[in-house]
Each structure stands twice: as structure tokens, then as C-alpha cells.
Amino acid sequence: MAALQIITIIITTTMGNYCPSIEYKRNDKMIELPEARTIAKDLEKEILGKTIRDVSGNYTGHKFTFYYKDPNEYKNQLIGKKIAKINERNYYVEFEIEDYKLIMRDGVNIRYYDNKQTIPEKSKLLLSFDDSSFINITVAMYGFIGVVKNDENMNDKYYDMEIKGIGVLDQEYTFEYFKSLINDTTKKLSAKAFLVTGQRILGIGNGVVQDILFNAKIHPKKKIQNMSDAEIEALYNSSKNTIITMIEQGGRDTEKNIYGEYGKYKTILSSKTYKNSKCPNCGNAFKKENYLGGSIYYCEECQLNI
Ligand SMILES: [Zn+2]
């Protein structure tokens, strides 16, 4: 209930219709880049080239599912068309379906079923294919689903940022580029704020940032201006390497893939692990605090805030 109240406040204060942004409103239990890449790879294997036979879903039963235009129209737009491409995005995936795109983000979850299962009860969008397999899309907390013509501009600033911004795995994300993001304003930010807010770096959210900071041995609240050159470099390296490791292991163990299985990357710091595990470096218990619209977990000993 408390979570719903928070979302209501956020939504009414910052938007008319739809606003959930990649920025501070992302929950730390949502799909982030490592899972998005895993999901894209699995979807390529399962649905690429398949023809959509039917489109359905309960479009009205969830207050915090935000559709682009009228979802009842999606059926007319998509039936008989082929999944032509799965686009990898920093925070989710996107399907190219001939002359349309299906765009999803925030708390959207995709599950794939072969032809043996019964249709799930909860569905925000269900695409059935000609071989009787289907994918079911559900939403946790809040999420966006949109079917958009290829040449149509949604006028959605978060989508535009996702397309134009630089993500952790992009070639442009070099150490030089990372350093260029530090200026008189941003050097006053904490490490977490620098990495997660302002869309400076796409692909780092409240979830993956925890292990990025742990691996760099940086306290989440440590200010950029108080870091040594070596610490700045460690932060950059960790932002890339931690995410690459997460992708190699099929996403984090806090999130599920399209088959409903948790990823194999064992999070060091997450809501799932921080209580029952000790710091692998020094053996101390981890600390938890609320900070910048989410929880932070850290080791007091290894991530000093000085
Ligand atoms: Zn430690």
C-alpha cells in the first residue's frame, strides 16, 4: 500500500498522463540492462520470425499500466504480422513487428510459453503465435506498453533519451567520456546520484548500482569531488565490468528471465542478499539505508565515505 501511495504522488506531481521515468522512480526490483540483454537473446531464439495469430489482454484491470493510445487497437495493428527483430535497449526490449514497434519499459515482465501451458489469468498483453506458443506481458508496480507505427513520434522524452543517450555497453562509453561527465555541478553529487540520476549513463539503475559500487569499493554517498583519480577509474571500470559479468551469467538472481527462472548472477548487495550474507572481502555484515528513492546496501569497512 505504501508503495502504491508513493507512486500516486510521483505520478500526480510530475505528469498529466504518464511519467514513470528511468530516473529516480525506477524501483530497485525491476529489469535492468543485464536482464534486458538476456531477455532479448532468449526472445530472439523463441519468437523471431513467428507470425502473430491473436492479441488479447486485460487492458483495464491495473491502474498503473500505461498504454500508448488505445490498446484495443493493437489487435488490428498486429494480427498476421511477423516478429521481424528484437531490439536491445538499456532498460528493456522492443519488438519490430513489420510496420509497428512494440515498446515496453519499467515494471513490465515478459514470459514465454510453448504450446503446453494454459493461458495465464493475469495479462496486460498476450501475443499468440501461429505455432501455438505465446508470450504474456504482465506489469509489477507500474509499466508502459505501446504499439507505435515505425515512423511515428511518440513525443516521449524518456524514449527519446533511451534512443539518443549513451549506455554502459556503447562504444562511446569510454573512460574519457566518463570523465567528461564530471563538471562543477556533477562533482558535488554522490557516487550513486552520479551513476543513477539525470540520464547521464543509460543502463545503471537502483539495482545494478549496488554491486558496481561494492566492486569499486566506493560508498554510495561518497561525493565525486572527494574521490581520487584511482577511485574515479575504479568506478568507471566497475560500471562496465560488473554489468558485463551480470550479462554473462544471464542476469541477476533477483530478476527472472522469459522462462520464469532467476538469473545466475549472484548479487552481492540486493534486498534479497544483504541480510543473510557477509562481505566477501572483510566478513562484516552489510548496512542498509534509504537514500535517493531506494535502498542502499554497503560494507562500512570496504566502502569508506571519506
Ligand atoms: Zn567489507
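Calculation criteria
Residues numbered from 1 in each chain as written. Predicted model: local features only at pLDDT ≥ 70, side-chain atom pairs only at ≥ 80, totals over all residues. Helix = DSSP H or I, 4+ residues; strand = E, 2+ residues; numbered from the N terminus. Buried ≥ 20, exposed ≤ 12 C-beta atoms within 10 Å, placed from the backbone. Contact = placed C-beta atoms within 7 Å. Core = buried A, V, L, I, M, F, W, Y, C linked by C-beta atoms within 7 Å. Domains from an automatic or database assignment. Nonpolar A, V, L, I, M, F, W, Y, C, P; charged D, E, K, R; others polar. Axes fitted to C-alpha atoms, helices over the stretch in contact; angles between N-to-C directions. Parallel < 35°, antiparallel > 145°, perpendicular 65-115°, else oblique. Left-handed = near helix turned anticlockwise from the far one by under 90°. Pairing = 2+ DSSP bridges. pLDDT = per-residue confidence, 0-100. Expected span 1.5 Å × (residues − 1). Bend = angle between axes of the 7 residues up to and from the residue.

**Student:** What am I meant to see in the overall build of the chain here?
**Tutor:** Each helix and strand in the chain was counted, giving eight helices and nine strands. Projecting the C-alpha coordinates of the chain onto the three principal axes gives extents of approximately 60 × 40 × 40 Å. Of all 306 residues assigned to the chain, the portion counted as buried reaches 39%. Sequence separation of at least 24 residues holds for 65% of the intrachain contacts in the chain that already meet a minimum separation of 6.

**Student:** Even after reading the chapter, I still don't get the nonpolar core, so can you show me in this structure?
**Tutor:** Considering soluble globular proteins, one finds that nonpolar side chains tend to be buried as a cluster. Residues Met104, Leu195, Ile204, Leu213 and Tyr298 are the most contacted members of the largest nonpolar core, which totals 68 residues. It is strand 7 (residues 134–149) that provides the largest number of residues to this core, a total of eight residues. Taken together, domain 1 (2–164) and domain 2 (175–298) each give at least three residues to this core, which thus spans both. The residues contacting Tyr298, other than those within four sequence positions of it, are Leu213, Phe214, His219, Pro220, Leu269, Phe286, Lys287 and Gln303.

**Student:** Explain the domain arrangement of the chain to me, please; I cannot follow it from the model alone.
**Tutor:** Accessible area lost during the coming together of the parts is what is often quoted as the interface size. Partitioning the chain into domains gives domain 1 (2–164) and domain 2 (175–298). With 24 residues of domain 1 at the interface, the matching set in domain 2 holds 28 residues. At the level of secondary structure, the elements contributing two or more residues to the side of domain 1 that touches domain 2 comprise helix 2 (33–47), strand 5 (100–113) and helix 4 (157–164). Among the elements that line the side of domain 1 that touches domain 2, the one with the most residues is helix 2, at eight residues. The residue inventory of the side of domain 1 that touches domain 2, partitioned by class, reads 11 nonpolar, two polar and 11 charged.

**Student:** What am I meant to see in the packing of helix 7 (residues 208–216) against helix 8 (residues 229–248) here?
**Tutor:** Each packed pair of helices is defined by two parameters, the angle between the axes and the distance between the axes. Taken N-terminus to C-terminus, the directions of helix 7 and helix 8 make an angle of 125 degrees; their axes are 8 Å apart at the nearest point. Considering the angle they form, helix 7 stands oblique to helix 8. Here helix 7 and helix 8 pass one another in a crossing that is right-handed. Between helix 7 and helix 8, the residues in contact are Val208, Asp211, Ile212, Asn215 and Ala216 and Ala234, Leu235, Ser238, Ser239, Thr242, Ile243 and Met246, respectively. Its residues placed into classes, the contact of helix 7 with helix 8 shows seven nonpolar, four polar and one charged.

**Student:** For this particular structure, what's the right way to read the environment of Leu169?
**Tutor:** Looking at the secondary structure, you find Leu169 in the loop between helix 4 and helix 5 (175–180). The exposure class assigned to Leu169 is partly exposed, which follows from the 16 C-beta atoms found within 10 Å. As a C-alpha pair, Leu169 and Gln199 span 30 residues in sequence and 15 Å in three-dimensional space. Apart from the residues within four sequence positions on either side, Leu169 is in contact with Gly203 and Ile243.

**Student:** Which parts of the structure should I look at to understand the pairing of strand 9 (residues 294–298)?
**Tutor:** With four of five residues buried, strand 9 is to be regarded as a mostly interior element. For strand 8 (residues 287–291) and strand 9, the ladder comprises five bridges, and the chain directions are antiparallel. From the neighbouring strand, Lys288 faces strand 9, where its bridge partner is Tyr297. In this antiparallel pair of consecutive strands, strand 8 and strand 9, the connection spans two residues, and Leu292 shows a positive phi of 50 degrees.

**Student:** Where do I start with the confidence of the model for the chain in this structure?
**Tutor:** Note that predicted coordinates carrying low pLDDT should not be read in detail. Scored by pLDDT, the chain has a mean of 89; 91% of the residues are at 70 or more. A low-confidence stretch, residues 1–25 (pLDDT under 50), is modelled with 24 contacts involving residues beyond four sequence positions or located in other chains.

**Student:** Even after reading the chapter, I still don't get helix 8, so can you show me in this structure?
**Tutor:** Since the α-helix advances by 3.6 residues per turn, residues separated by three or four positions end up pointing in the same direction. Here helix 8 spans 29 Å end to end across 20 residues, near enough to the 28 Å set by a 1.5 Å rise per residue. The sharpest bend along helix 8 measures roughly 25 degrees and falls at Ser238. Listed as buried for helix 8 are Leu235, Tyr236, Ser239, Thr242, Ile243 and Met246. Of the surrounding secondary structure, the elements contacted by the buried residues of helix 8 are helix 2, helix 5, helix 6 (191–196) and helix 7. Just downstream of helix 8, Gly250 is the residue with a positive phi angle, here 75 degrees.

**Student:** So what exactly am I meant to see when it comes to the pairing of strand 3 (residues 83–88) here?
**Tutor:** Look at any regular strand and the pattern is simple: side chains alternate between the two faces of the sheet. Judged from the five bridges that link them, strand 3 and strand 4 (residues 93–97) form a sheet pairing that is antiparallel. Bridge pairing links Lys85 to Glu96 in strand 4. The turn linking strand 3 back onto strand 4 is made up of four residues.

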